[in-house]
Amino acid sequence: MLSFLRETAEIEVTGASTALCLNRWTAADLPFWALSIQSELVFRCRIQAARLGEIRREAARAWCDVRVIRRFGLPVVLSRLRSRPVLTVGLLLAVVLAFFLQSFVWFLRVEGNERVPEEEILRALWEEGVRFGTWGPSIDSEDLKNRILNRIPALCWLAVNREGGVVTVLAAEREREETPLETEGVAHIVAARPGIIRKISVVNGFADKKPGDLVLEGDILISGIAEWTLRIQATRAMGEVYADTLRVSELVCPVSARKKVYTGRRETCVTLVYERKRRKISGNSSIFGTSCDRMIKVSNWTLPGGYELPVTVETETLLEYTLEPLELPARQAETLLREESLRLTQAQMTAGQIETGSAAIQKTQDSYRCRGVWNCLELISKTIPAELFGEDEVNGKTDQRGTD
Amino acid sequence: MELKGGSEAVVLNHRGVIAYDEKEVRIASALGPVSVVGAELRIRRMNRERIVLNGKIRRVELGLC
């Protein structure tokens, strides 16, 4: 390192008495190193360039010639840079900027979030003044943490770390409290809709109905309360009841619609977005008015290493179309409506299947009407809390027959 | 004189180099000529107090050779 800071020269010494030359240098305290023998009469070594004159004199006294092969070291580099002022200034500027620019925030990263979107946290930071180009030392991590936690209640902990030009936000989210399934308390299982019971499975409680019984909505299917002679047994009824039910659906769709027909004309618009400012680069996005499909592709400018710059390029592609009338054929309408009726009916059931049924299609002047009637086998049981004592019993109005 | 392994030799209080090449370096000392024999010998450093030799040192001979 020291030899780099001082100018060093590599020399070649030629002479009959090279050993004498070395001895003379040693006697005169002239340092040399990295000696390499080229031949019997020639060797090379490195010396301090500032002492080249003395080296030559002593070598001459030993009847040796000295030839400089090359010079190197910091002074040589600096003298070369002097002849290239722009490069020198540029290098100095780069070094200064490398130290100075680290004081600004250039990139923001968020880690640890799962349910809270990263954009929400970045937006909160932006509103608190932490964004691209913010002066780093002005960020008070503790104060910022408290303000962000106030803005986003879903977070329970936050840490803001700044390393050079990168601010990393570590977030921890509150745990979601899951609503526990109610497993205690007296309850009945009742019919959610009318039907004829086909199958009843009792896990707990007392079956009030049997297969083949017709039930209406609200009828108790499995009771949680049983009255015995001298006692009442109360429990939480559990089980499943499947019944044959009837479901009716009515759907309507228009006879004629309008269909998009693309003209083939297209337009591409490019917009540069910096934080919240937009600048159109090319194209005219209003050329087709509202009669066009718009597809927007957004790409972020990203540096190697995954550092995202706050600059995005939006490429909007417009495809012009015209609307032409289209009449829906009856067969197609029938298929569409029937399929939709089946899908809707299946979606309405908690569990079960559609067994048989039909869909009747009727065409009016401007619409197709479908009435689907479906026979289903579905789960009709639902759990409701049961009252152990009625209101009269609670108010003290009990049966007086025994006391008369 | 110090020998470090078989690759470095340091000769202190010398009186100059008598002759040198890659296979033998002869150094003048108060005890007489010292020959360091080996292969790929190089004078790494030399000043009034010491000479430092590098290379594959096979033997060191003292006295007239």
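The rules behind each value
Residues numbered from 1 in each chain as written. Chains lettered and ligands numbered in written order. Predicted model: local features only at pLDDT ≥ 70, side-chain atom pairs only at ≥ 80, totals over all residues. Heavy atoms only, no water. Helix = DSSP H or I, 4+ residues; strand = E, 2+ residues; numbered from the N terminus. Buried < 20%, exposed > 50% of the residue type's maximum accessible area, 1.4 Å probe, protein only. Contact = heavy atoms within 4.5 Å. Areas by Shrake-Rupley, 256 points an atom, 1.4 Å probe, with all protein chains shown as cover. Lys, Arg positive; Asp, Glu negative; His and termini not counted. Charge placed at Lys NZ, Arg CZ, Asp CG, Glu CD. Rg over C-alpha atoms; globule rule 2.2 N^0.38 Å. Polar contact = N/O pair within 3.5 Å; in protein donor to acceptor, adjacent residues only side chain to side chain. Phe/Tyr/Trp six-rings, centres within 6.5 Å; stacked < 30°, edge-to-face > 60°. Lys NZ or Arg CZ within 6 Å of the ring centre and 35° of its normal. Pairing = 2+ DSSP bridges. Axes fitted to C-alpha atoms, helices over the stretch in contact; angles between N-to-C directions. Buried area = accessible area lost by both parts, 1.4 Å probe. Salt bridge = Lys/Arg side-chain N within 4 Å of Asp/Glu carboxyl O. Nonpolar A, V, L, I, M, F, W, Y, C, P; charged D, E, K, R; others polar. Patch = residues over 30% accessible without salt bridge, like charges linked within 9 Å, V, L, I, M, F, W, Y side chains within 5 Å. Domains from an automatic or database assignment. Core = buried A, V, L, I, M, F, W, Y, C linked by side-chain atoms within 4.5 Å.

Draft legend 1. Region of interest: the overall build of chain B. Regarding its fold elements, chain B presents zero helices and six strands. Secondary structure elements of chain B, listed N to C terminal, follow the sequence β-β-β-β-β-β. Projected onto the principal axes, the alpha-carbon positions of chain B cover approximately 25 × 25 × 20 Å. Evaluated residue by residue, chain B yields a buried proportion of 45% over its 65 residues. Considering only intrachain contacts with a sequence separation of at least 6, the fraction spanning at least 24 residues in chain B is 43%. In the form shown here, chain B has an accessible surface area of approximately 3,800 Å², with 47% of it arising from carbon and sulfur atoms. Across chain B, the 12 positively charged side chains and the 8 negatively charged ones have centroids separated by 2 Å.

Draft legend 2. A look at the overall build of chain A. Helix and strand counts for chain A stand at nine helices and 22 strands. For 404 residues, the compact-globule formula gives about 22 Å, and the C-alpha radius of gyration of chain A, at 45 Å, lies well above that figure. By principal-axis analysis of the C-alpha atoms, chain A measures approximately 145 × 70 × 45 Å. A burial count over chain A gives 32% of its 404 residues as buried. Here the contacts in chain A between residues at least 6 apart in sequence split such that 65% fall between residues at least 24 apart. For chain A, the exposed area adds up to about 26,100 Å²; of that, 53% sits on carbon and sulfur atoms. Separation between the mean location of the 53 positive side-chain charges and that of the 54 negative ones in chain A comes to 13 Å.

Draft legend 3. Spatial organisation of the environment of Asn 204 of chain A. Residues and elements named next belong to chain A. Relative to the helices and strands, Asn 204 is located in strand β9 (residues 195-204). Residue classification places Asn 204 among the partly exposed positions, given a relative accessible area of 30%. Once the C-alpha coordinates of Asn 204 and Ile 361 are considered, the two residues, 157 residues apart in sequence, prove to be 46 Å apart. Look past the residues within four positions of Asn 204 in its chain and what remains in contact with it is Ile 222, Thr 235, Arg 236, Ala 237 and Met 238. A polar atom in the side chain of Asn 204 sits 2.9 Å from the backbone oxygen of Arg 236.

Draft legend 4. Up close: the packing of aromatic side chains. Residue and element names in this part refer to chain A. Enumeration over the complete set of coordinates arrives at nine aromatic pairs over all chains. On the basis of an interplanar angle of 75° and a centroid distance of 6.0 Å, the ring pair of Trp 25 and Phe 43 is categorised as edge-to-face. With Trp 25 in helix α2 (residues 18-27) and Phe 43 in strand β3 (residues 42-48), the pair connects residues that are 18 residues apart, well separated along the chain. Ring geometry for Phe 104 against Trp 106: centres 5.9 Å apart, planes inclined by 45°, an arrangement best described as tilted. Cluster of aromatic residues (ring-pair linked, three or more members): Phe 100, Phe 104, Trp 106, Phe 132, Trp 135 and Tyr 274. The side chain of Arg 131 reaches across the aromatic face of Trp 126, ending 4.0 Å from its centre.

Draft legend 5. Broad picture of the sheet that holds strand β16 (residues 256-274) of chain A. All names here are of chain A. Pairing within the open sheet is antiparallel, and its four strands lie in the order β17-β16-β19-β18. The open sheet has two edge strands with one neighbour each: β17 (277-282) and β18 (292-303). For this sheet, the mean inter-axis angle between neighbouring strands, taken without regard to orientation, is 35°. Taken together, the eleven bridges between β18 and strand β19 (residues 307-327) define a ladder with antiparallel strand orientation. For Leu 303, the partnering residue across the bridge sits in β19 and is Tyr 307.

Draft legend 6. Broad picture of the interface of chain A and chain B. If you look at the interface, chain A gives 15 residues, while chain B gives 16 residues. Buried surface at the junction of chain A and chain B, both sides included, amounts to about 1,300 Å², of which 55% is carbon and sulfur. Its largest share of buried area at the contact with chain B, chain A owes to Thr 26, Leu 35 and Ile 37 of chain A, together 38% of the area lost on that side. Where Asp 29 of chain A meets Arg 48 of chain B, a salt bridge forms, and the shortest distance between an N and an O atom there is 3.5 Å. Remark: the boundary between chain A and chain B carries six residue pairs in polar contact (both at pLDDT 80 or more). At the level of secondary structure, the elements contributing two or more residues to the side of chain A that touches chain B comprise α2 and β2 (32-37) of chain A. A per-class count over the side of chain A that touches chain B returns ten nonpolar, four polar and one charged.

Draft legend 7. Broad picture of a nonpolar patch on the surface. Taken together, the side chains of Leu 93, Val 96, Leu 97, Phe 100, Leu 101 and Trp 135 of chain A present a nonpolar region at the surface, about 540 Å² in accessible area. Mapped onto the elements of the fold, Leu 93 of chain A is located in helix α5 (residues 85-100).

Draft legend 8. Spotlight on the domain arrangement of chain A. Domain assignment breaks chain A into domain 1 (2-77), domain 2 (102-173), domain 3 (184-255 + 328-398) and domain 4 (257-325). For domain 2 of chain A versus domain 3 of chain A, the separation of C-alpha centres amounts to 52 Å.

Draft legend 9. Highlighting the nonpolar core. Counting residues in hydrophobic clusters, the biggest one holds 34 residues, and the most contacted among them are Ile 11, Leu 22, Trp 25, Phe 32 and Leu 35 of chain A together with Tyr 20 and Ile 43 of chain B. Discounting residues that sit within four places of it in the chain, Leu 35 of chain A has contacts with Leu 22, Phe 43, Arg 44 and Cys 45 of chain A together with Tyr 20, Arg 42 and Ile 43 of chain B. Residues Val 116, Ile 148, Val 160 and Val 169 of chain A belong to the second largest nonpolar core, which totals 18 residues.

Draft legend 10. View of the pattern of salt bridges. Taken as a whole and judged by the stated rule, the model has 29 salt bridges over all chains. Arg 44 of chain B serves as the salt-bridge partner of Glu 8 of chain B, at 3.3 Å between the closest nitrogen and oxygen. In this pair, Glu 8 of chain B is assigned in strand β2 (residues 8-12) and Arg 44 of chain B in strand β5 (residues 32-46), connecting sequence segments 36 residues apart. Here the residues in one salt-bridge network are Glu 127, Glu 128, Asp 143, Arg 147 and Arg 151 of chain A, joined through shared partners.

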